[in-house]
Amino acid sequence: MIRVSPSILAADILRLGEELDSVIGAGLLNVHVDIMDGRFVPNISYGVAMANAIRRYGQLRFDCHLMIEEPERQLADFVATGPELITVHQEATRHLHRVVHRIKELNVRVGVSLNPATPVSTLKDILPDLDTVLIMTVNPGFGGQKFIASTLNKISELRSFAASLNPTLEIQVDGGIDISTGRQCVEHGANHLVVGAAFFNSTSRHAFAAELKSL
Ligand code: DX5
Ligand code: ZN
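What counts, and where the lines are drawn
- In this convention, every chain numbers its residues from 1, walking through the sequence in written order.
- As a convention, the first chain written is A and the first ligand written is 1, with the rest following in written order.
- Since the coordinates come from a predicted model, pLDDT governs what is reported: local features require at least 70, and pairs of side-chain atoms require 80 or more to be given and counted, while whole-chain, interface and lining totals use all residues.
- The side-chain quantities take in all heavy atoms of the structure and omit both hydrogens and water.
- We count a salt bridge whenever a side-chain nitrogen from Lys or Arg sits within 4 Å of a carboxyl oxygen from Asp or Glu.
- Only DSSP runs of H or I reaching four residues or more are called helices, and only runs of E reaching two or more are called strands; each is numbered from the N terminus.
- The buried label goes to any residue with under 20% of its type's maximum accessible area, the exposed label to any with over 50%, and the partly exposed label to all in between, with areas taken from a 1.4 Å probe on protein chains only.
- Each metal's donors are the N, O and S atoms within 2.8 Å of it, or within 3.2 Å when it is Na, K or Ca, and because water is not part of the set, sites may look incomplete.
- The geometry test gives tetrahedral to four donors whose angles all lie between 85 and 135 degrees, gives square planar to four donors and octahedral to six donors whose opposite members are over 155 degrees apart with all other angles between 65 and 115, and gives irregular to the rest.
- One heavy atom within 4 Å of a molecule or strand makes the whole residue count as near it.
- In the analysis that follows, any N or O atom pair within 3.5 Å is treated as a polar contact, provided that within protein one partner can donate a hydrogen and the other can accept it, and provided that, for residues neighboring in sequence, both atoms belong to side chains.
- Every accessible area reported is derived by Shrake-Rupley at a probe size of 1.4 Å, with residue values counting cover from the shown protein chains alone.
- Residues are sorted three ways: Asp, Glu, Lys and Arg are charged, Ala, Val, Leu, Ile, Met, Phe, Trp, Tyr, Cys and Pro are nonpolar, and all the rest, Gly among them, are polar.
- Note on contacts: a residue pair qualifies if any of its non-hydrogen atoms lie within 4.5 Å across the two residues.
- Note on ring pairs: Phe, Tyr and Trp rings are taken, using the six-membered ring of Trp, and paired if centres are within 6.5 Å. Classes follow the plane angle, with under 30 degrees stacked, over 60 edge-to-face and the rest tilted.

### Re the pattern of salt bridges
Thought 1: Across all of its chains, the model carries 9 salt bridges by this definition.
Thought 2: Here Arg109 makes a salt bridge to Glu84, at a shortest N to O gap of 3.1 Å. With Arg109 in strand S5 (residues 109-114) and Glu84 in the loop between helix H3 (75-79) and strand S4 (85-89), the pair connects residues that are 25 residues apart, well separated along the chain.
Thought 3: Judged by its relative accessible area of 18%, Glu84 is buried.
Thought 4: If you follow the salt bridges from partner to partner, you end up with Arg3, Glu84, Arg109 and Glu170 in one network.

Printed below as a string of structure tokens:
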């Protein structure tokens, strides 16, 4: 079964409780929280307070996608919010191995994300240590962008590296995902789809989620 995580970046933030209820109503168990610092990406979204608010709200698990420079400076704060997965960017730290192992020591699943221009081969040596790799299918920073088709080859390449180095690796994709692009990502080896605009703008969130899960 394909995992589906709505990105709350596309939710109506003034009605966030109802939006989270609709995620549960759509039969989904987790949401994706995009943390942006205005440095690693041009945009600023929200931080630890938002992750805490989602945790306090109730039943939904969440993952924190840290689009921040030097994530090591804020790891402990984000871990304390109780995410089931923390994802950092390969491009955002000089000491990826240290950051990955710090997250593992804190007993949280760990992911590393790659921007569209960053080769999959840069993760080869750390791949056995990861739970998830997040292949960005747009340039990070904004919701509602167009899917970059050249990232599909990276998904296949990663899946073939993972076959020997980490067979249970989860491959998450994020950016411009809808039924058509989601299907292509799954065909290339992804098994976790992050969906922002296409989920929150769909006429039936339940039907949309069901279709994605069954891809
Ligand atoms: C982009 C974020 C994404 C974004 C996806 O930087 O990481 O999670 O919210 O939104 P859509 O699905 O609208 O492209
Ligand atoms: Zn994201």
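Now that the structure has been shown, we can carry on.
### A short note on the coordination of the zinc ion (ligand 2)
Thought 1: At this site the zinc ion (ligand 2) is bound by His32 (NE2), Asp34 (OD), His65 (ND1) and Asp174 (OD), with donor distances of 2.0 to 2.3 Å.
Thought 2: Note that the zinc ion (ligand 2) binds 6 donor atoms; their angles at the metal cover 69 to 169°, and the shape is octahedral.
Thought 3: Taken in chain order, the donor set of the zinc ion (ligand 2) reads H-x1-D-x30-H-x108-D. Taken together, the positions of His32 in strand S2 (residues 30-36) and Asp174 in strand S7 (residues 170-174) put the pair 142 residues apart, joining distant regions of the chain.
Thought 4: Judged by relative accessible area, Asp174 falls into the buried class, the value being 8%.

### What about the site of ligand 1?
Thought 1: By nearness alone, 20 residues border ligand 1, and Asp34, Gly141, Asp174, Gly176 and Gly196 come closest of all.
Thought 2: Contact between ligand 1 and Asp34: an oxygen atom at 2.7 Å from a side-chain N or O atom of the residue.
Thought 3: Interatomic distance of 2.6 Å between a side-chain N/O atom of Asp174 and an oxygen atom of ligand 1.
Thought 4: Taken by itself ligand 1 offers 380 Å² of open surface, and the protein chains cover 98% of this.
Thought 5: Mapped by element, the contributors of at least two residues to the shell around ligand 1 are S2, strand S3 (61-67) and strand S8 (192-195).
Thought 6: A per-element tally of the shell around ligand 1 places S2 first, with 3 residues.
Thought 7: Tallied by class, residues from the shell around ligand 1 come to 9 nonpolar, 9 polar and 2 charged.

### Concerning the side chain of Thr151
Thought 1: As for its position among the elements, Thr151 is in helix H5 (residues 151-165).
Thought 2: A relative accessible area of 1% places Thr151 in the buried class.
Thought 3: Here Ile148 takes part through its backbone oxygen, which lies 2.6 Å from a polar atom of the side chain of Thr151.
Thought 4: In this view, Thr151 contacts Pro116, Ile135, Met136 and Thr137; residues no more than four positions away in its chain are not counted.

### Thoughts on the environment of Arg109
Thought 1: Since its relative accessible area comes to 26%, Arg109 is described here as partly exposed.
Thought 2: Between the alpha carbons of Arg109 and Val4 there is a distance of 17 Å; along the sequence they are 105 residues apart.
Thought 3: In terms of polar contacts, Arg109 uses its side chain to reach the side chain of Glu84, at 3.1 Å.

### Quick notes on the packing of aromatic side chains
Thought 1: Scanning all chains against the criterion turns up 1 aromatic pair.
Thought 2: Where Phe199 meets Phe200, the ring centres are 4.9 Å apart and the plane angle is 85°; that geometry is what we call edge-to-face.
Thought 3: For Phe199, a relative accessible area of 0% gives the class buried.

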